[in-house]
Amino acid sequence: MKVGVLALQGDFREHSNALIACGVDAFSVRRSEELADADALIIPGGESTTIAHLAQTFGIFDAIKQRISSGMPAYGSCAGMILLADEILDAAMGQKTFGGLDIVVRRNAFGRQVDSFETELEFKDGFPEPLRAVFIRAPWVERVGPKVEVLASVKSHPVAVRSKTLLATSFHPELTGDHRTHQYFVDQVARPALKKVQ
Ligand code: GLN
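On a predicted model such as this, the values are computed, not experimentally measured, just so you know.

*Asks:* Got a minute to help me understand the overall build of the protein chain in this structure?
*Replies:* Along its length, the protein chain carries six helices and 12 strands. With respect to the principal axes defined by its C-alpha atoms, the protein chain has extents near 40 × 40 × 30 Å. Evaluated residue by residue, the protein chain yields a buried proportion of 51% over its 198 residues. Long-range contacts, defined as pairs at least 24 residues apart, comprise 65% of the intrachain contacts of the protein chain with a sequence gap of at least 6. With an accessible surface of roughly 9,000 Å², the protein chain has 49% of that area assigned to carbon and sulfur atoms. Across the protein chain, the centroid of the 22 positively charged side chains sits 4 Å from that of the 24 negatively charged ones.

Rendered as structure tokens:
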């Protein structure tokens with residue numbers, strides 16, 4: 001399985017390193033030919049408006065949207081979660097997303113005074129030990145559609161959710177050296193989804 005990491009802005013290198021640590025063939029995606037080569041895609045943390053804007057400039061916005069809606073597995077962390085959401089609250093004017101995940105997210109939801117924090121999370125779906133999660137000007141999920149499962153929450157706000165082919169977290173597992181979230185994406189989301197397609 002070849003996993004592309006959208007490398008327009010944000011901490012895409014850390015995601016590539018996490019994938020490599022999981023034994024996965026990871027590469028950067030900036031152009032449509034690179035996207036075409038990817039079986040699955042990671043959308044990193046950074047600034048969701050900038051990533052969307054650059055995706056348009058690089059001419060891959062519509063292609064990413066299209067691949068996601070036709071079932072390409074994808075994982076978005078933080079800004080990546082916003083970009084996978086069907087609806088954003090507190091969006092920048094005219095802000096667009098790739099969409100595909102039936103959730104409503106609130107941008108910068110944890111508030112200015114606590115722009116960044118770390119906490120231990122109980123991750124549903126079989127992580128025996130809690131997960132150390134880093135939140136940086138993070139969104140939270142305000143509503144989930146019927147086919148979306150909540151995997152972890154902070155103060156009853158979902159911060160990790162999945163559908164059949166998509167995973168999104170408000171936090172940044174690529175910054176902690178704990179690769180279980182990436183491994184979860186690879187083994188529990190992407191591989192099963194790709195098997196069904198073949
Ligand atoms: N607040 C940022 C946004 O709206 C996300 C922050 C992050 O990815 N760490 O895109």
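*Asks:* Any chance you could explain the layout of surface pockets here in plain terms?
*Replies:* Empty space among the atoms can be located by rolling a probe the size of a water molecule over them. For the largest pocket, the calculated volume is near 200 Å³. Those elements that provide at least two residues to the lining of the largest pocket are α4 (61–69) and β6 (101–106). Taken together, the residues that form the lining of the largest pocket break down as four nonpolar, five polar and three charged.

*Asks:* Help me understand the site of the ligand in this model?
*Replies:* Neighbouring residues of the ligand: G45, G46, E47, S48, C78, A79, I82, R107, N108, I136, R137 and H172. Contact with the protein chains covers 96% of the free accessible surface of the ligand, which is 310 Å².

*Asks:* Help me understand the environment of V148 in this model?
*Replies:* For V148, the location among the structural elements is in the loop between β9 (140–144) and β10 (149–154). Every residue in contact with V148, bar those within four places of it in the chain, is listed here: L101, D102, I103, V161 and R162.

*Asks:* How should the packing of aromatic side chains be read in this particular structure?
*Replies:* Aromatic ring pairs are reported here in terms of the distance separating the ring centres and the angle at which the planes meet. Counted according to the given criterion, the structure contains 10 aromatic pairs. With a centroid separation of 4.9 Å and 40° between ring planes, the pair formed by F61 and F98 is classed as tilted. Within this pair, whereas F61 is found in helix α4, its partner F98 is found in the loop between β5 (85–89) and β6, the two being separated by 37 residues in sequence. The two residues F61 and F98 agree in class, both being buried. One aromatic cluster is present, formed by F110, F117, F135, W140 and F171 through successive ring pairs.

*Asks:* Sorry, what's going on with unusual backbone geometry here?
*Replies:* Glycine aside, residues mostly have negative phi, and peptide bonds are mostly found in the trans state. Phi at C78 takes a positive value of approximately 55°, unusual for a residue other than glycine. Given a relative accessible area of 4%, C78 falls into the buried group. At K155, a position not held by glycine, the phi torsion is positive, near 45°. Its relative accessible area of 75% is what places K155 among the exposed residues.

*Asks:* Would you take a moment to explain the sheet that holds β10 for this structure?
*Replies:* Remark on secondary structure: sheet strands pair via backbone hydrogen bonds, oriented parallel or antiparallel. With respect to topology, seven strands assemble into an open sheet ordered β2-β1-β3-β4-β12-β11-β10, the strand pairing being mixed. Two strands lie at the open edges of the sheet, namely β2 (25–29) and β10, each paired on one side alone. Going from strand to strand, the sheet's axes swing by 20° on average, the running direction of each strand aside. In the sheet, β10 pairs with strand β11 (residues 157–162) via five bridges, with the strands oriented antiparallel. Of the residues in β11, the one forming a bridge with V154 is H157. Helix α1 (residues 12–21) contacts β1 (2–6), β2, β3 (40–43) and β4 (74–77) of the sheet and is inclined by roughly 165° relative to β1.

Each value, and the rule that gives it
- Residues numbered from 1 in each chain as written.
- Predicted model: local features only at pLDDT ≥ 70, side-chain atom pairs only at ≥ 80, totals over all residues.
- Heavy atoms only, no water.
- Helix = DSSP H or I, 4+ residues; strand = E, 2+ residues; numbered from the N terminus.
- Buried < 20%, exposed > 50% of the residue type's maximum accessible area, 1.4 Å probe, protein only.
- Contact = heavy atoms within 4.5 Å.
- Areas by Shrake-Rupley, 256 points an atom, 1.4 Å probe, with all protein chains shown as cover.
- Lys, Arg positive; Asp, Glu negative; His and termini not counted.
- Charge placed at Lys NZ, Arg CZ, Asp CG, Glu CD.
- 1 Å grid on protein atoms, 1.4 Å probe; cavity = no way out; pocket = protein on both sides within 12 Å on 5 of 7 lines; lining within 4 Å.
- Points joined across faces, edges and corners; volume = space filled by probe spheres on them.
- Nonpolar A, V, L, I, M, F, W, Y, C, P; charged D, E, K, R; others polar.
- Near = heavy atom within 4 Å.
- Phe/Tyr/Trp six-rings, centres within 6.5 Å; stacked < 30°, edge-to-face > 60°.
- Pairing = 2+ DSSP bridges.
- Axes fitted to C-alpha atoms, helices over the stretch in contact; angles between N-to-C directions.

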